[in-house]
Amino acid sequence: MALTGAAFGVATTVWLGPAPLAQLAHRADADQVLGELTGFGVRCVAAQRDLPPASSTALAGVQALDDDALTALRAACDQLVVL
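Just so it is clear, the structure is predicted and the values come from calculations on it, not from any experiment.

Quick word on the sheet that holds strand β1 (residues 13-15)
Pairing between sheet strands relies on hydrogen bonds along the backbone, with the strands arranged either parallel or antiparallel. A sheet is described by the order of its strands in space; here three strands give the open sequence β1-β2-β3, paired in parallel fashion. The strands lining the two open edges of the sheet, one partner per strand, are β1 and β3 (62-65). Strand-to-strand, the axes of this sheet are offset by a mean angle of 35°, without reference to chain direction. Two strands pair when backbone bridges link them, and strand β2 (residues 43-47) and β3 are joined in this way by four bridges, in the parallel orientation. Bridge assignment links cysteine 44 to a residue of β3, and that residue is valine 62.

Let's talk about the pattern of salt bridges
Taken as a whole and judged by the stated rule, the model has two salt bridges. One salt bridge connects aspartate 29 with arginine 27, and the closest N-O pair in it is separated by 2.7 Å. Judged by its relative accessible area of 28%, aspartate 29 falls in the partly exposed class. For the salt bridge of arginine 49 with aspartate 67, the shortest nitrogen-to-oxygen distance reads 2.4 Å. On the criterion of sequence distance, the pair formed by arginine 49 in the loop between β2 and β3 and aspartate 67 in helix α4 (residues 67-76) is long-range, its members being 18 residues apart.

Rules behind the numbers
- Residues numbered from 1 in each chain as written.
- Predicted model: local features only at pLDDT ≥ 70, side-chain atom pairs only at ≥ 80, totals over all residues.
- Heavy atoms only, no water.
- Pairing = 2+ DSSP bridges.
- Helix = DSSP H or I, 4+ residues; strand = E, 2+ residues; numbered from the N terminus.
- Axes fitted to C-alpha atoms, helices over the stretch in contact; angles between N-to-C directions.
- Salt bridge = Lys/Arg side-chain N within 4 Å of Asp/Glu carboxyl O.
- Buried < 20%, exposed > 50% of the residue type's maximum accessible area, 1.4 Å probe, protein only.

The following block contains the structure:
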């Protein structure tokens with residue numbers, strides 16, 4: 001869904017919640033998966049508190065946002081799907 005929107009030039013942001021982040025953190029190819037999304041122009045974000053600690057598997061391509069930034073993102077969106 002995100003790639004389809006991005007392919008048609010729709011500004012697309014994927015907000016990853018705790019469960020998808022935990023799954024990605026356990027995948028050896030997490031950076032490749034995220035790289036495919038960001039390579040197509042999809043912005044991946046997550047609440048800073050939900051990202052794994054820097055000492056564990058970092059998820060390159062996921063932008064950590066604080067609560068204020070997430071609130072602003074939510075307010076600015078026409079449509080919101082949280083994964």
